Amino acid sequence: MVKELSYPIFTGGGPGIMEGANRGALEAGGKSFGLTIELPHEQSTNPYLTKHLDFYYFFSRKVCMTFSAEAFIFFPGGVGTLDEFFEILTLVQTGKIEKLPIVLVGVEFWSKLDEF
């Protein structure tokens, strides 16, 4: 027997891999949330969100993303991805949030950081 866990998916609500995660959740009948950020360019909201919140400041967005998370999954990205990744590591290291699974997808992308 398969147990339905009904985890909602939270992403930054943008295109690419975030859109893929939101689309998968929505098509599976789940909840698909986007925590978007107001930027002059770069960010467009993907069409696969059941709800979204738009933030002006990155810090308030990060608080909402980490508040009730039970795991973090990071895909290759840019400076924003690294910022959020190091923020989570810092919060875990300093005991501000409990230790949760942190999954890094893409060995080639993350291997240099592992070497560091």
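Look a little higher up for the structure.
A brief look at the structure comes next. (Residues numbered from 1 in each chain as written. Predicted model: local features only at pLDDT ≥ 70, side-chain atom pairs only at ≥ 80, totals over all residues. Heavy atoms only, no water.)

Some points on the overall build of the chain
In terms of regular secondary structure, the chain is built from four helices and five strands. Sequence-ordered secondary structure for the chain, helices as α and strands as β, is β-α-β-β-α-β-α-β-α. Its C-alpha atoms give the chain a radius of gyration of 15 Å, within 12% of the compact-globule value 13 Å for 116 residues. Taking the principal axes of the C-alpha coordinates as reference, the chain spans close to 45 × 40 × 30 Å. Restricting to contacts in the chain with at least 6 residues of sequence separation, those with at least 24 account for 44%. (Helix = DSSP H or I, 4+ residues; strand = E, 2+ residues; numbered from the N terminus. Rg over C-alpha atoms; globule rule 2.2 N^0.38 Å. Contact = heavy atoms within 4.5 Å.)

Things to note about the nonpolar core
Counting nine residues, the largest nonpolar core is built from Phe 72, Phe 74, Phe 85, Ile 88, Leu 91, Val 92, Ile 97, Leu 100 and Trp 110. Those elements that provide at least two residues to this core are strand 4 (72-74) and helix 3 (79-93). Here the element with the most residues in this core is helix 3; it accounts for four residues. Sequence-distant contacts of Phe 85, that is, excluding residues within four places in its chain, are made with Phe 74, Ile 102, Leu 104, Trp 110 and Leu 113. (Core = buried A, V, L, I, M, F, W, Y, C linked by side-chain atoms within 4.5 Å. Buried < 20%, exposed > 50% of the residue type's maximum accessible area, 1.4 Å probe, protein only.)

Things to note about the sheet that holds strand 3 (residues 51-55)
Taken together, the three strands give an open sheet; going across it, the order is 1-2-3, and neighbouring strands pair in parallel fashion. Sheet topology places strand 1 (9-11) and strand 3 at the edges, where each strand pairs with a single neighbour. Ignoring strand direction, the axes of neighbouring strands in this sheet form an average angle of 15 degrees. Looking at chain direction, strand 2 (residues 32-37) and strand 3 are connected through five bridges and run parallel. The residue of strand 3 that forms the bridge with Gly 34 is His 52. Along the sheet face, helix 1 (residues 17-27) touches strand 1 and strand 2 and points at about 160 degrees away from the line of strand 1. Sitting on the sheet, helix 2 (residues 58-66) touches strand 1, strand 2 and strand 3, and the angle it makes with strand 2 is about 160 degrees. (Pairing = 2+ DSSP bridges. Axes fitted to C-alpha atoms, helices over the stretch in contact; angles between N-to-C directions.)

These results come straight from atomic positions and should not be treated as a statement about function.
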